[in-house]
Amino acid sequence: MDTKAFKRSLNQSENYHRKGFGHQADVEVVLKSEYESDLIKEMRERNYTLTRGDVTIRLAQSFGFCWGVERAVAIAYETRQHFPTERIWITNEIIHNPSVNQRLREMNVNFIQVENGIKNFDPIDRGDVVILPAFGASVQEMQLLNDKGCTIVDTTCPWVSKVWNTIEKHKKKDYTSIIHGQYKHEETVATSSFADKYLVVLNIAEANYVADYILNNGENPTEKLQLRAEFLAKFNNAYSEGFDPNLDLVKVGIANQTTMLKTETEAIGKLFERTMMKKYSTAELNDHFQSFNTICDATQERQDAMFELVDEPLDLMVVIGGYNSSNTTHLQEISIEHQIPSYHIDSDIRILAGNQIEHKPLSKQLEITKNWLPAGKIVVGVTSGASTPDRVVEAAIERIFATKYAQNDR
C-alpha cells in the first residue's frame, strides 16, 4: 500500500479534519475549569516548592500536560460541541489518563471495544464521527473508517506524525525501520503500519542483540539457520510480515515511539551507526544507515526535569500518571535508578487512609504499601506524565498533606 499517497488523499477529503472547528475559546474555558489548578500555579510561583507542617513538596519543573495532549483533548471537546447529536467514537483512549477518558465517556463519546485483542469496528456506521487519539491510528484503521464514510477527526500529535515522515524516508531508500518502542503500544502499532519493513526493539539490550546479529549471523549454513530461527523467535510479533534478518538488516533507519527514554533512543542510534561502520566502512555508512531526530521535545523536557529533581535531597518520589502511560513509566524508572523510593499512582484515590498507598511498582501489579510516609520532616518529590492534568496532581498533593497531618495527630 502506498501509505504516503493514501494520507495525501485523506488530507484532501472533506470528511477528514485535523484542526479544531472554531470553538477554541469556548473549549478553553471548559478545559481550564476542569483541569487547571490554583495550587499548582502557586507552586510554580514559589519555585515549585511548598511546605506545610512536616512535609515539603518539590515539583519537577516540567511535568503534566504537554502541548500535544492539550491539543488532542481540546479537539475532542470541540468535536462534541460541533457535532452535538451525531454518534461519536474514538479508536482508543484519547490519552493515557483515566479521568480524562472518563470525562469523554460522560460526554457520550463511545470507545471502540476490543475483543480478543482485536478492535470491533462493526458498530460504526456511515456518517458517524470517529476521533483518532493523540497516539495516532494505523493506516489500516484509517482506510477502514474512510471506506465506511465516517467523518474522521485526527488528533494525532505532530511529533508522532514527524516519526511517520521519517518512516516514509526509510521506505523511499528501501531501509528497514528499527523502531525503539513497545510493539503493542498504540503509537508503535500506528508507526509500524507506515513501514514496509520494520523491527521493534524495546531497549538497549535488544538493540545490542540485533547489532551482534548483524556482525555475526553464523559461520556456516547450519549455524546461520539456527541463529535466524532464534532471532525470529526472540522478536516474535515485533517485526513486519516476511521479515528476514539476513536480508533486511543490511540497510537500517532509526525511528522511535516518542515517549521512550531520550538517552536510550540516542544510545540505540549510536549503536547501529557504529555497527554499520564496523560491518561495512565509514565511507559506505550512508548506504546502510539513516537517523533523524524524532525525540519529542515534551518527553525530553519532562525527563530532563526529573533528572534535576532526583539530584535534590528527597525522601521519596510520587509519580502520577496512567499505568499504561509509557512516558510516566520512564519517569518512575529515573527515580528507581537513583535509588529513591518511588510510588506510581494514577490518581489521588490511590492514597488511602491510615498512611497506606496503592501503587504500581515497575513491571509489577498493583500493591498496597503501609506506612509509606516516614515519620518526622520529609521531602517528597512529585512529577506527572504528559497526560496528567494539573488538577489530578493537586488532589494527590493535598492527600499527601492530609495523610501526614493525620499521622501527626495520632
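Cut-offs used in this document
Residues numbered from 1 in each chain as written. Predicted model: local features only at pLDDT ≥ 70, side-chain atom pairs only at ≥ 80, totals over all residues. Heavy atoms only, no water. Buried < 20%, exposed > 50% of the residue type's maximum accessible area, 1.4 Å probe, protein only. Helix = DSSP H or I, 4+ residues; strand = E, 2+ residues; numbered from the N terminus. Pairing = 2+ DSSP bridges. Right-handed = clockwise from strand over helix to strand, strands pointing away. Patch = residues over 30% accessible without salt bridge, like charges linked within 9 Å, V, L, I, M, F, W, Y side chains within 5 Å. Areas by Shrake-Rupley, 256 points an atom, 1.4 Å probe, with all protein chains shown as cover. Salt bridge = Lys/Arg side-chain N within 4 Å of Asp/Glu carboxyl O. Lys, Arg positive; Asp, Glu negative; His and termini not counted. Charge placed at Lys NZ, Arg CZ, Asp CG, Glu CD. Axes fitted to C-alpha atoms, helices over the stretch in contact; angles between N-to-C directions. Phe/Tyr/Trp six-rings, centres within 6.5 Å; stacked < 30°, edge-to-face > 60°.

*Asks:* Quick one: what's the story with the pairing of strand β10 (residues 176-180), residue by residue and with numbers?
*Replies:* Burial within β10 is extensive, with 5 of its 5 residues counted as buried. Covered by surrounding structure in β10 are T176, I178 and H180 together with S177 and I179, the residues of both alternating faces. As judged from the 5 bridges shared by β10 and strand β12 (residues 252-256), these two strands associate in the parallel manner. Across the sheet, the residue bridging to T176 is V252, located in β12. By the bridge criterion, 4 bridges tie β10 to strand β11 (residues 198-201) in an arrangement that is parallel. Opposite S177, over in β11, you have Y198 as the bridge partner. Between the parallel elements β10 and β11, the chain passes through helix α8 (residues 186-192) in a crossover that is right-handed.

*Asks:* Let's hear about a positive patch on the surface: which residues, and what values?
*Replies:* Taken together, the side chains of K4, R8, K172 and K173 present a region of like positive charge at the surface. Following the sequence through the fold, R8 ends up in helix α1 (residues 3-11).

*Asks:* Help me get a handle on unusual backbone geometry, residues and values and all.
*Replies:* For Q339, which is not glycine, the phi dihedral falls at a positive 60°. Within the element layout of this structure, Q339 appears in the loop between α14 (326-337) and β15 (342-345).

*Asks:* Describe the sheet that holds β15, with residues and values.
*Replies:* An order of β2-β3-β19-β14-β15 is seen for the 5 strands of this open sheet, with the pairing classed as mixed. Since the sheet does not close on itself, it has two edges, and those belong to β2 (49-52) and β15, each with one partner. Between one strand axis and the next, the sheet turns through 20° on average, direction left out of account. Here strand β3 (residues 55-59) pairs with strand β19 (residues 378-384) via 5 bridges, running parallel.

*Asks:* Tell me about the packing of aromatic side chains, residues and numbers included.
*Replies:* Applying the stated rule across the entire model yields 11 aromatic pairs. Judged by centre distance (6.3 Å) and plane angle (20°), the rings of F231 and F243 are stacked. Pair noted here: F231 is in helix α10 (residues 221-234) and F243 is in the loop between α10 and α11 (245-248), with a separation of 12 residues, a long-range link. A relative accessible area of 3% places F243 in the buried class.

*Asks:* Let's hear about the pattern of salt bridges: which residues, and what values?
*Replies:* Tallied over the full model, the rule gives 21 salt bridges. With a shortest N-O distance of 3.9 Å, E273 and K270 are connected by a salt bridge. Of this pair, E273 and K270 both sit in helix α12 (residues 262-279), 3 residues apart, roughly one helical turn. In this structure E273 comes out as partly exposed when scored by relative accessible area, which is 23%. One network of salt bridges, with partners in common, ties together K7, R18 and D154.

No statement about biological role is implied by the geometric values presented.
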